[in-house]
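Coordinate inspection notes
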Amino acid sequence: MATLHIEHPITDFGTWRTAFGRFGEARANGGVLAERIYRPVDDATYVLIDLDFDTVEQAEKFDVFLHTRVWSTPGNAPALAGPPVTRILQAEAMTA
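Counting of residues starts from 1 at the beginning of each chain's written sequence and follows it residue by residue. Given that the model is predicted, a residue must reach a pLDDT of at least 70 before its local features are reported, and side-chain atom pairs must reach 80 or more before they are shown or counted; all residues, however, enter totals for whole chains, interfaces and linings. Excluding hydrogens and water, the side-chain figures rest on all heavy atoms present in the structure.

1. Quick notes on the environment of Gln90
Mapped onto the elements, Gln90 comes out in strand β4 (residues 85-90). Through-space distance from the C-alpha of Gln90 to that of Asp52 is 9.7 Å; in sequence the pair is 38 residues apart. In this analysis, two residues are considered to be in contact whenever any of their non-hydrogen atoms come within 4.5 Å of each other. Apart from residues no more than four positions distant in its own chain, Gln90 is found in contact with Met1, Ala2 and Val56. Helix and strand definitions follow DSSP, with helices as H or I runs of at least four residues and strands as E runs of at least two, each counted in order from the N terminus.

2. A closer look at helix α3 (residues 56-70)
Between its terminal C-alpha atoms α3 stretches 20 Å, which fits the 21 Å expected from 15 residues at 1.5 Å a residue. With a 1.4 Å probe rolled over the protein chains alone, any residue whose accessible area is under 20% of its type maximum counts as buried; one over 50% counts as exposed, and the rest are partly exposed. Along α3, the residues classified as buried are Ala59, Phe62, Asp63, Leu66 and Val70. Seen from one end, α3 has its buried residues packed into an arc of 105°, which puts them on one side. In this structure, α3 carries Glu57, Lys61 and Arg69 as exposed residues pointing more than 90 degrees from its buried face. Expected helix span is computed as 1.5 Å times (number of residues minus one). Picture the helix axis, draw a direction to every C-beta atom, and the arc is the one those directions span.

3. Some words on the nonpolar core
Only buried residues count toward a nonpolar core, which is a set of Ala, Val, Leu, Ile, Met, Phe, Trp, Tyr and Cys residues joined through side-chain atoms within 4.5 Å. The biggest cluster of nonpolar side chains holds 19 residues, and the ones touching the most others in it are Leu4, Ile6, Trp16, Ile49, Leu51, Phe53 and Leu66. With near-sequence residues (within four places) excluded, Phe53 lies in contact with Met1, Ala2, Leu4, Gly30, Gly31, Val32, Leu33, Gln58, Ala59 and Phe62.

Here it is as structure tokens:
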């Protein structure tokens, strides 16, 4: 399992949420298994998103899609207020 972790500032959560919703099919086609949206309790103009994938390769490919097809076009990301920061994470098994 791999998680694409995304963070970025936004201008308005409602506008951002609507734009995020328009890419639901792209997330499904890209292999997203689960998604989580977080908002800092002290910053209404920031979002953090975790997208889970079966493989690191799927997460990497979707990261490229977001950078080249979504965030590069203002109409696709109307509430984006700064450059997104992404990381691909893998859970580590805890051993005793």
